[in-house]
Amino acid sequence: KKLKSTSKYIYQTLFLNGENSDIKICALGKEWNLHKIYLCQVSALQVAFGSLYRDDVLLKPSRVIAILAAACMLQLDGLIQQCGETMKETISVQTVCSYSTAAGVYGLDSVKKKCLEWLLNNLMTHQSVDLFKELSITMMKQLICSPDLLVMQVEMDVYTALKKCYPFVPVFKHLRMQYIISDLASARIIERDALIPSEWLSSVYKQQWFTMLRVEQDNDTGPQEINKEELENNSMRCGRRLAKDGDYCWRWTGFNFGFDLLVTYTNRYIIFKRNTLNQPCSGSVSLQPQRNIAF
């Protein structure tokens, strides 16, 4: 209560009444009787006012949000644009969340979009507990839903990261569970953790069981036509990082209804080869001679 009354007193007597003012600011047809002792704490104003006198203003990432706020208050379009460019160039695991929030507040859509792109590309590669905790539940849902999320290894790794860093059940609903329960070890972990409600899992298990029956008994050879929206929302997300140009080869196996894939990357080409008939794997269900895939 004391703090509130003191704050109210300062606001009324010093700001509204302007008592003992030692500096006057006249802008936008209005005057403010202010106090140097308070203004000197807002170092961003120094930069904002300085930008009126020179074009090249040095913006440090640690101060760019404060300077952006001052620039917006003073309607300095050039400085606002420069702040936005600095933010886009210095997005990192330490700045991405604060930049995204500030961009939303001050209407910098291009910065907000750049932050989202950075998160989609780096969320699973950085594996930062602090970053996961700093993200809002709305933002995390958006990232987990996105077909552009760079999933390193497989979908189970997204679950593992969320489990360690982000224990909010609604977010888990946006995982592509059909590609987690297709592996026995992963399915056992999901059941043991009991973080995901059983009714969510029941529908996924039912869907996978009918898919298996169609492949095995109804001559289902895979997708005939590609629906882009369906592909993006339901496809398997498997990521690999290629540190440098060269020849790479890896194999995707699992309970994948009759195919496991041998993937080769060479000379900037990606080649898919079906490997089941040559090297049978325990996760394959159907040995039909022809399968269609969409990638």
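Residues numbered from 1 in each chain as written. Predicted model: local features only at pLDDT ≥ 70, side-chain atom pairs only at ≥ 80, totals over all residues. Heavy atoms only, no water.

1. Some points on the confidence of the model for the protein
Defined as follows: Each residue carries a pLDDT value, the predictor's own confidence for that position, ranging from 0 to 100. By the criteria applied, helices consist of DSSP H or I runs no shorter than four residues and strands consist of E runs no shorter than two, each listed in order from the N terminus. Residues count as neighbours in contact if any of their non-hydrogen atoms are within 4.5 Å of one another.
Residue-level pLDDT values for the protein average 84, and 88% of them are 70 or greater. By mean pLDDT, the top-scoring element of the protein is helix 7 (residues 109-126) (94), and the lowest-scoring one is helix 1 (residues 2-16) (64). Counted against residues more than four places away or in other chains, residues 1-5, with its pLDDT under 50, gives zero contacts.

2. Some thoughts on unusual backbone geometry
Of note in this structure, Gln153 is not a glycine but carries a positive phi near 70°. You can see Gln153 is positioned in the loop between helix 9 (137-145) and helix 10 (155-165). Here the phi dihedral of Asn267 falls at roughly 50°; this positive angle occurs in a residue that is not glycine. By the secondary structure assignment, Asn267 is in the loop between strand 4 (261-266) and strand 5 (269-274).

3. A word on the packing of helix 10 against helix 12 (residues 184-193)
The condition that has to hold: Here the axes come from fitting lines to C-alpha atoms, over the contacting stretch only for helices, and the angles between their N-to-C directions go from 0 to 180 degrees. Throughout this description, any angle smaller than 35 degrees is read as roughly parallel, any larger than 145 degrees as roughly antiparallel, any in the 65 to 115 degree range as roughly perpendicular, and the remainder as oblique. With the far helix as reference, a near helix turned anticlockwise by less than a right angle produces a left-handed crossing, and one turned clockwise produces a right-handed crossing.
Axis separation between helix 10 and helix 12 bottoms out at 11 Å; the angle between their running directions is 25°. Comparing their axes, helix 12 and helix 10 come out roughly parallel. Seen along the crossing, helix 10 lies across helix 12 with a hand that is left-handed. Between helix 10, through Met156, Tyr159 and Lys163, and helix 12, the contact on the second element is made entirely by Ser186, Ile189, Ile190, Arg192 and Asp193.

4. Concerning helix 4 (residues 64-73)
Cut-off, in case you're wondering: Residue exposure (1.4 Å probe, protein chains only): buried if accessible area is under 20% of the type maximum, exposed if over 50%, otherwise partly exposed. Think of it as the arc spanned by the lines of direction from the helix axis to the C-beta atoms.
Within helix 4, the full set of buried residues consists of Val64, Ile67, Leu68, Ala70 and Ala71. Mapping the buried residues of helix 4 onto a view down its axis gives an arc of 165°, with all of them on the same face. Buried residues along helix 4 sit in contact with helix 3 (43-50), helix 5 (77-89) and helix 6 (96-106).

5. Concerning the state of the cysteines
Note the threshold: Defined by distance alone, a disulfide is two cysteine sulfur atoms within 2.5 Å.
Taken as a whole, this structure holds zero disulfides when the rule is applied. The cysteine Cys115 is free of any disulfide, with Cys97 supplying the nearest cysteine sulfur at 8.4 Å.

6. Concerning the packing of aromatic side chains
Quick note on the threshold: Side-chain rings of Phe, Tyr and Trp, where Trp is taken by its six-membered ring, are said to pair if the distance between their centres is within 6.5 Å; with planes under 30 degrees apart they count as stacked, over 60 as edge-to-face, and otherwise as tilted.
Tallied over the entire structure, the rule returns three aromatic pairs. Centre to centre, the rings of Phe272 and Phe295 are 4.6 Å apart; their planes meet at 50°, and the pair counts as tilted. With Phe272 in strand 5 and Phe295 in the segment after strand 5, the pair connects residues that are 23 residues apart, well separated along the chain. Classification of Phe272 by relative accessible area gives partly exposed; the value is 27%. On the accessibility criterion, Phe295 (72% relative accessible area) is exposed.

7. Concerning the pairing of strand 4
To keep it simple, the criterion reads: Pairing between strands is defined by DSSP: at least two bridges between the two strands are required.
Here strand 4 shows a clear split, with Leu261, Val263 and Tyr265 buried on one side and none of Leu262, Thr264 and Thr266 buried on the other. Relative to strand 4, strand 3 (residues 248-252) runs antiparallel, the two sharing five bridges. Bridge pairing in strand 4 links Arg251 to Leu262. Across six bridges, the pairing between strand 4 and strand 5 is antiparallel. Within strand 5, the residue paired with Tyr265 across the bridge is Ile270. What sits between the antiparallel neighbours strand 4 and strand 5 is a turn of two residues, in which Asn267 has the positive phi angle 50°.

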